[in-house]
Each structure stands twice: as structure tokens, then as C-alpha cells.
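Coordinates in review
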Amino acid sequence: MHNFCINLQRCCFYVPPTPPTPTSIANEDLKEALKHHILSPERMWTLGYPVELEPNSSKAVVYINPPPRPRPLPTHWNVNAPEFVPGSQGDSGRGSWDTTPRSDSDEEVDTVEHTCVRCDRQFQMTADGEFTKFDTCIYHWGRVSESRYSCCKSLVGSKGCTVARFHVWSGTRPGMNGPLEGYVRARSRRGGVYALDTEMCYTSAGLELASVAVIAADGQLVYQEFVKPSSPVVDANTRFSGIRPRDLALATKTLRDVQDDILEFVGTDTILIGHALENDLRALKLLHSAVVDTCAMYPHPRSFPMRRSLRALSEEVLGRMIQCGSAGHSPVEDARTALDLVLMKLYEERASRAILQPYDPLISGI
Ligand SMILES: [Zn+2]
Ligand SMILES: [Zn+2]
């Protein structure tokens, strides 16, 4: 351990004593113990999970709640100032798409207005996903805590500390979204329990799947792939996704390939575990009914739509620091953390029931 760390609990090199993670739950017992944590269809709808529009269709609808906290009003900066030259200070937000915005002399085209998820400014794209003009995105990438951004410690409402070449949007809007095309659903009767996590990048069509990892209930990695987005990449979102532009350039699997691969082992009776799993299922365009979400299992003290972060839950419940490197999130680490959080909850439930009941056959070997 290096000796210049003052706050050991916050130090990424510090490995705290890890509570025993109960991985010895038999698979069938695990399914049984998970049953009362499976989200109801109503809860899934409220949380923003994709829902099948009609039986046997490939179309889904999604209801998106308004953002959980009011974001500060965007301040309009002089984008011609030297510090705002595209790419002059940016991070991964330079965009790997060598796009040329349409010139002002172009004929009138149909445009769609989007709200940037980073800076809240409005911007326009053509129906084909081209930007109508250059307009740099100036934003804070950190969370707000005690009226300050975690990225630069400046006050809420202050000028962004990070510049990216383009604005980006999520691909969804508050309220009803859809019909959304290209969704699949398991048809086989396979069972099993898997934890799943994805990472996404920004494309002209919004957030798209860039990477996926699936962990079996015994903690083994069973599937991991980079995915080639279907639309031009605007920003690889490296700071958060851990995806580098070259990962996307080298990816050969399409979303359709990944859907086919996953449905090789995910069936109608499979229980999928994740943290805010609705985002992953939307990215995968996967309709699934049996889901256990650590956001619901460990609710925020101020209740929904507030949610606790996976990082905070991991530190508090598992005593394990995650997402603390500069390389962004790892879907393998995040999926494994979600699985361990679920196992820990079942372990605690079993322990509390054991006080009331002399014998509990659900969980064995702990
Ligand atoms: Zn922006
Ligand atoms: Zn900042």
C-alpha cells in the first residue's frame, strides 16, 4: 500500500476486507430465491424497460420518466471564443465520425431537434442523422454533489470544463417512445441465471450498443463482445464506456449478431440480473420478462426516480471499489458487481429468515 493515501476508503489501490460473497447457492435454489425479486410488468414499465408492442412483433415501446433532478439551465457561451475551437480541449468527445455539417446554403431539409444530454442545449440534425451546423458541446462530465460538479469542483451553472466537438443525444425522449424497431425476444424454454452489462457510445441515432458482457451465476464470464454500431459514431464516450474508437473500428459483430448469440443461451425462463438493466435491454433491443434489477433491490433513500449508483452500492455493500480507473467502466466488472450485490441480498435475507426459522432449504452450503 502506498503511504501517501490519506483517504484509504477512496483509494483505488486500497483493497478493503471483502465480506464473504455467497456464491455457493445452488442454481435451482438461486432461481427460487430470486423469484420474489423479479420485477412486475408494471414496475418494468415505470422503470423504462422496453415492452413488446404486440405479440410476435419486433416492435417495442418505452416510457421514459423525466430526468430525476432538474439540470441547471444551459448558459449560452460564445462558441467563437478561442477556447471553444472544436477539439482544442476535448476528451473523447472529438468524435470519430468525420462528418461535415450541411452548409447554410443547402436547400431546406427536414430537421429534427434534439436536446444534448451533456449540456442541455438544443441542436438539430437532418432526418439522415447529419448535423446542420457546427456547435461545440461545452459541459461538465461530473455528477452534482453539494451544488458542485465532481469533475472540476465548480458551482452548478458554471461554464463547462470540457469541450467536445458535437452535441449528443440519448435516442429517447421523456414520455412515450416508439414503436421502436428491431427488438427480439427469447423463444426457447431455457432457464439459468445470468448477469449482464453493456456499454454504449453516442451515434447519430443516439446511444447505441458498443460492448456487452454476460456472467453466469457462478461468476464465470460466458460472453463478451465489442459491437459495431449501425449509425455513424459521434462520440465513443470513452470516459464512461471504456470504449476506444479503435475498439469500434475493429468490431465485426453487429447488434443482430449479438442478439442471435445471446438468444443461444437466454431463454424465456432465464432470469437476467443487472443494474439499471432497462438501459442494457434497450441497447440490446431485447425484450425479456424475468429481470432482477439492483436499482430496485437497493432503492435510493429518497425513492424513485432517484437511483443509487453501482459504484456506491459496491463500496457500501461489498466493500469493493469499482469504476475507479481512468479507462472507464468495464462491463465484466459491472455485471459481476451486480451479480454479487444480488447474491449478498439473498444471503442477508436467508440470514434474517434463519433467525425466525430453524431450517431454510433455499440456500445451501453457506
Ligand atoms: Zn452538448
Ligand atoms: Zn466540470
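Above this text sits the structure in question.
Residues numbered from 1 in each chain as written. Chains lettered and ligands numbered in written order. Predicted model: local features only at pLDDT ≥ 70, side-chain atom pairs only at ≥ 80, totals over all residues. Heavy atoms only, no water.

A look at the overall build of the protein chain
The condition that has to hold: Secondary structure is summarised from DSSP: a helix means a run of H or I of at least four residues, a strand means a run of E of at least two, and numbering begins at the N terminus for each. Only protein chains enter the area calculation, which uses a 1.4 Å probe; residues under 20% of their type maximum are buried, those over 50% are exposed, and those in between are partly exposed. Residues are treated as being in contact if the distance between any of their heavy atoms lies within 4.5 Å. Note that accessible areas follow from Shrake-Rupley with a 1.4 Å probe, and for residues the cover is restricted to the protein chains shown.
Helix and strand content of the protein chain: 9 helices and 17 strands. Here the protein chain, with 366 residues, has 45% of them falling under the buried criterion. Restricting to contacts in the protein chain with at least 6 residues of sequence separation, those with at least 24 account for 66%. Of the roughly 18,800 Å² that the protein chain leaves accessible, carbon and sulfur atoms contribute 52%.

Looking at helix H5 (residues 255-262)
Applicable threshold: The arc in question is the one traced by the directions running from the helix axis out to the C-beta atoms.
The set of residues buried in H5 consists of Val-258, Gln-259, Asp-261 and Ile-262. Here the buried residues of H5 occupy an arc of 160 degrees about the axis, which is enough to place them on one side. The elements touched by buried residues of H5 are strand S10 (184-185), strand S12 (206-216), strand S13 (221-226), helix H6 (277-284) and strand S16 (286-287).

A short note on the packing of aromatic side chains
One pair of aromatic rings is described through two measures. These are the centre distance and the angle between the planes. Heads up, the rule is: Put simply, two rings from Phe, Tyr or Trp (the six-membered ring, in Trp's case) pair if the centres are within 6.5 Å, and we call them stacked under 30 degrees between planes, edge-to-face over 60, tilted for the rest.
Taken as a whole, this structure holds 7 aromatic pairs when the rule is applied. Considering the side-chain rings of Phe-131 and Phe-166, the 4.6 Å spacing of their centres and the 20 degrees angle between planes classify their relative orientation as stacked. Taken together, the positions of Phe-131 in the loop between strand S4 (122-126) and strand S5 (137-139) and Phe-166 in the loop between strand S8 (162-164) and strand S9 (175-180) put the pair 35 residues apart, joining distant regions of the chain. For the pair formed by Phe-131 and Phe-166, the shared burial category is buried.

Notes on the pairing of strand S11 (residues 193-203)
Threshold: Two strands form a pair only when DSSP identifies at least two bridges running between them.
Across the 11 residues of S11, 11 count as buried, placing the element largely inside the fold. Pairing geometry for S11 and strand S15 (residues 271-274), over 3 bridges, is parallel. Bridge pairing in S15 places Ala-195 opposite Ile-273. Note: S11 against S12, 10 bridges, orientation antiparallel. Looking across to S12, one finds that Thr-203 is bridged to Gly-206. The turn joining S11 and S12, which pair antiparallel and follow one another in sequence, is formed by 2 residues. For S11 and strand S14 (residues 233-235), the ladder comprises 2 bridges, and the chain directions are antiparallel.

Considering the nonpolar core
Let me state the cut-off plainly: Joining through side-chain atoms within 4.5 Å is the link that ties buried Ala, Val, Leu, Ile, Met, Phe, Trp, Tyr and Cys residues into a set, and such a set is a nonpolar core.
Of all hydrophobic cores here, the largest spans 28 residues; its most connected members are Leu-34 and Ile-273. For this core, the elements supplying multiple residues, two or more each, are helix H1 (27-34), S11, S12, S15, helix H8 (310-318) and helix H9 (331-356). Residue contributions to this core peak at 9 residues, all from H9.

Re the sheet that holds strand S1 (residues 51-52)
The 3 strands are arranged S1-S2-S9 in an open sheet whose pairing can be described as antiparallel. Of all the strands in the sheet, just S1 and S9 have a single pairing partner and so form its edges. Two strands pair when backbone bridges link them, and strand S2 (residues 60-64) and S9 are joined in this way by 4 bridges, in the antiparallel orientation. Counterpart to Tyr-63 in the pairing with S9 is Met-176.

So, the pairing of S4
Pairing of strand S3 (residues 111-115) with S4, which is carried by 5 bridges, proceeds in the antiparallel orientation. Residue Glu-113 lies in a different strand from S4, and its bridge partner there is Gln-124. The hairpin formed by S3 and S4 contains 6 residues between the paired strands, and Asp-120 there has a positive phi angle of roughly 70 degrees.

Thoughts on the coordination of the zinc ion (ligand 1)
The condition is simple: Sites may look incomplete because water is not among the atoms; the donors themselves are N, O and S atoms within 2.8 Å of the metal, or within 3.2 Å for Na, K and Ca. A four-donor site is called tetrahedral if each angle lies between 85 and 135 degrees; a four-donor site is square planar, and a six-donor site octahedral, when trans pairs exceed 155 degrees and the remaining angles lie between 65 and 115; all other cases are labelled irregular.
The zinc ion (ligand 1) binds to the protein through Cys-116 (SG), Cys-119 (SG), Cys-137 (SG) and His-167 (ND1); the donor distances cover 2.2 to 2.3 Å. What the 4 donor atoms of the zinc ion (ligand 1) show is an angle range of 94 to 119 degrees at the metal, which sorts the shape as tetrahedral. All donors of the zinc ion (ligand 1) come from a single chain, and their spacing in sequence reads C-x2-C-x17-C-x29-H. Side by side, Cys-116 and Cys-119 carry an identical accessibility label, which is buried.

Some thoughts on the pattern of salt bridges
How we decide: Only one rule defines a salt bridge in this text: a Lys or Arg side-chain nitrogen within 4 Å of an Asp or Glu carboxyl oxygen.
This model, assessed by the stated rule, comprises 10 salt bridges. One salt bridge in this structure joins Asp-340 and Arg-320, with 2.7 Å as the shortest N-O distance. Of this pair, Asp-340 sits in helix H9 while Arg-320 sits in the loop between H8 and H9; the two residues are 20 residues apart in sequence, bridging distant segments of the chain.

As for the environment of Arg-282
Using the following cut-off: Distance and chemistry together define a polar contact, namely a pair of N or O atoms within 3.5 Å, with one atom able to donate a hydrogen and the other to accept it when in protein, and with adjacent residues in sequence counting only for side-chain atoms on both sides.
Topologically, Arg-282 is positioned in helix H6. Considering only alpha carbons, one finds Arg-282 and Leu-207, 75 residues apart in sequence, at a separation of 9.6 Å. Setting aside anything within four residues of it in sequence, one finds Arg-282 in contact with Gly-48, Pro-50, Val-62, Ile-64, Thr-172 and Tyr-183. Of the polar contacts made by the side chain of Arg-282, one reaches the backbone oxygen of Gly-48; its length is 2.7 Å.

A word on the environment of Cys-295
Secondary-structure assignment places Cys-295 in helix H7 (residues 294-297). Separated by 43 residues in sequence, Cys-295 and Ala-338 have C-alpha atoms that sit 9.5 Å apart. In this structure Cys-295 touches His-275, Ala-276 and Arg-307, once residues within four positions along its chain are discounted.

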